[in-house]
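Structural overview for review
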Amino acid sequence: MKLEERGILSRYDLRKPFNRTVYVTMLVGVIVMACSMIYPVLVAMFNAFKTNTEVNSFPPTFLPNEGWHWSNLKQAWNYIDLPIFLRNTMFIFVGNMVVTVGVLGLAAFSLSKLHVPKARMISMFFLITLFIPPTTYLIPNFLNLKDFGLINTFAAFWLPAGASAFNLLLLKNFFDGLHQEMFEAARMDGASEWRCFAGLALPLSIPIIATLAIFVFSTAWNDWFWPSLVMHNDSKYPLSTAIYKYVISARGLGLNIRFAILFMVMLPPIVVFLVFQRFIMRGLNLGGVKG
């Protein structure tokens, strides 16, 4: 007899009227919330293929009634230099990942597998910093980067990435789940601590690194406020800041072309999420706090 995997409720629980009512209510609520999040994406997509007159018409239409104008995508692509801004965004993402894996990975490995004095107190300190609103240290970060001469450089993004308490604790909790015996055996064979980190910890950390890559990519793709503060050269703007400056705040640009640009910008993160969504929950489970 083939055993079926149990979900939130078993078949026996679903036979009870109260449980069935609660389950259906929750299911309807989830469907409504999902539709409310998908609706703006569909509106942007369909408006990208309408004429400007149809986009501004009232009452608004959901689907294009005057035909699908694929030329809007070509006009949107030629309106701003999207490849340049996309390149800048990828520079930020790659640099943030290198700093996250190099700096935070070594710090998390040290707190987890080395005999660091007051390691629990240090971890608690980083945990407390998660309760501080990020807006409170925007000005100190800006002044520090200005003193170092890093304004208008990509290092203004890479350096703060090495101070992410959330990523540090996520890595540390993952390293806590690795068996200490592997590292003890490696040390007995003459491996250095660096060798233990690079040869053992990192290869075993691919799931959590993949999860961090998704989070770092999402931050680099969506953040526009911080780049607008530290970047003063238009050619160095990331994609989100360029979209805000040249598209959202533009005058005389048709709404259909704006929606076409926004639609093209929305596609990459959606594809990344759909492809790597399994790594998100798996990585959070692997790096979650264990009791």
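Since the model is a prediction, treat every value here as computed from it, not as a measurement. (Residues numbered from 1 in each chain as written. Predicted model: local features only at pLDDT ≥ 70, side-chain atom pairs only at ≥ 80, totals over all residues. Heavy atoms only, no water.)

1. A short note on the overall build of the protein
When its secondary structure is counted, the protein shows 15 helices and 0 strands. A principal-axis box enclosing the C-alpha atoms of the protein has dimensions of 75 × 65 × 35 Å. Residues classed as buried in the protein amount to 35% of the 291 residues present. By element, 69% of the accessible surface of the protein is carried by carbon and sulfur atoms, the whole surface being about 18200 Å². Of the charged side chains in the protein, 23 are positive and 14 negative, and the gap between their average positions amounts to 4 Å. (Helix = DSSP H or I, 4+ residues; strand = E, 2+ residues; numbered from the N terminus. Buried < 20%, exposed > 50% of the residue type's maximum accessible area, 1.4 Å probe, protein only. Areas by Shrake-Rupley, 256 points an atom, 1.4 Å probe, with all protein chains shown as cover. Lys, Arg positive; Asp, Glu negative; His and termini not counted. Charge placed at Lys NZ, Arg CZ, Asp CG, Glu CD.)

2. Considerations on the packing of helix α9 (residues 165-176) against helix α12 (residues 206-222)
Taken N-terminus to C-terminus, the directions of α9 and α12 make an angle of 165°; their axes are 11 Å apart at the nearest point. Viewed along their axes, α9 and α12 adopt a mutual orientation that is roughly antiparallel. Between α9 and α12 the crossing geometry is right-handed. Between α9, through F166, N167, L170, L171 and F174, and α12, the contact on the second element is made entirely by I208, L212, F215 and V216. (Axes fitted to C-alpha atoms, helices over the stretch in contact; angles between N-to-C directions. Parallel < 35°, antiparallel > 145°, perpendicular 65-115°, else oblique. Left-handed = near helix turned anticlockwise from the far one by under 90°. Contact = heavy atoms within 4.5 Å.)

3. Side note on the nonpolar core
F175, V230 and I243 are the most contacted members of the largest nonpolar core, which totals 54 residues. In contact with F175, not counting residues within four places along its chain, are G105, A108, F109, S112, K113, F197, A201 and S205. (Core = buried A, V, L, I, M, F, W, Y, C linked by side-chain atoms within 4.5 Å.)

4. Some points on the environment of A44
Summarising the element assignment, A44 is placed in helix α2 (residues 17-47). Taking the C-alpha atoms as reference points, A44 and L200, separated by 156 residues in sequence, lie 46 Å from one another. Excluding anything up to four places from it in sequence, A44 contacts F259, F263 and M266.

5. Considering a nonpolar patch on the surface
A cluster of nonpolar side chains, namely Y23, V24, L27, V28, I31 and V32, defines an oily patch on the protein surface of about 510 Å² accessible area. Secondary-structure assignment places V24 in helix α2. (Patch = residues over 30% accessible without salt bridge, like charges linked within 9 Å, V, L, I, M, F, W, Y side chains within 5 Å. Salt bridge = Lys/Arg side-chain N within 4 Å of Asp/Glu carboxyl O.)

6. Quick notes on the pattern of salt bridges
Applying the stated criterion to the full structure yields 3 salt bridges. A salt bridge links K172 to D176; the nearest nitrogen and oxygen atoms lie 2.9 Å apart. Taken as a pair, K172 and D176 lie in helix α9 at a separation of 4 residues, close to a single helical turn. By relative accessible area, which is 13% here, K172 ends up buried. Here D176 falls in the partly exposed class, since its relative accessible area comes to 36%.

7. With respect to the confidence of the model for the protein
Across the protein, the average pLDDT comes to 82, with 91% of residues at 70 or higher. The element-level mean pLDDT for the protein is lowest in helix α1 (residues 11-14), coming to 70, with helix α5 (residues 82-113) highest at 89. Overall, residues 287-291 carries pLDDT values under 50, and its contacts beyond four positions in sequence, including any with other chains, amount to 7 contacts. (pLDDT = per-residue confidence, 0-100.)

8. A word on the packing of helix α6 (residues 119-129) against α9
Two elements in contact, α6 and α9, have axes separated by 9 Å at closest approach and are oriented at 135°. When the axes of α6 and α9 are compared, the pair comes out oblique. Here the hand of the crossing between α6 and α9 comes out left-handed. Along the contact surface, α6 presents S123, F126, L127 and T129, while α9 presents A165, L168, L169 and K172. Class assignment for the residues of the contact of α6 with α9 results in 5 nonpolar, 2 polar and 1 charged. (Nonpolar A, V, L, I, M, F, W, Y, C, P; charged D, E, K, R; others polar.)

9. Focus on the environment of F142
Assignment of secondary structure puts F142 in helix α7 (residues 138-147). When the C-alpha atoms of F142 and A260 are compared, they prove to be 34 Å apart, with 118 residues separating the residues in sequence. Setting aside residues no more than four positions away along its own chain, F142 makes contact with I151, W226, L229 and V230.

10. Structural notes on unusual backbone geometry
Excluding glycine, most residues fall at negative phi; most peptide bonds, likewise, are trans. Of note in this structure, K118 is not a glycine but carries a positive phi near 60°. Mapped onto the fold, K118 is located in the loop between α5 and α6. Judged by its relative accessible area of 59%, K118 is exposed. We note that N152 has phi near 65°; this positive angle belongs to a residue other than glycine.

11. Remarks on α12
Over its 17 residues, α12 extends 24 Å from the first C-alpha to the last, a length consistent with the 24 Å expected when each residue adds 1.5 Å. Counting buried positions along α12 yields 12 of 17 residues, so the element is predominantly enclosed. The set of residues buried in α12 consists of P207, I208, I209, A210, T211, L212, A213, I214, V216, F217, A220 and W221. (Expected span 1.5 Å × (residues − 1).)

12. Observations concerning the side chain of S240
Turning to its location among the elements, S240 is positioned in helix α14 (residues 239-248). Contact partners of S240, with chain neighbours within four places excluded, come to W221, N222, D223 and W224.

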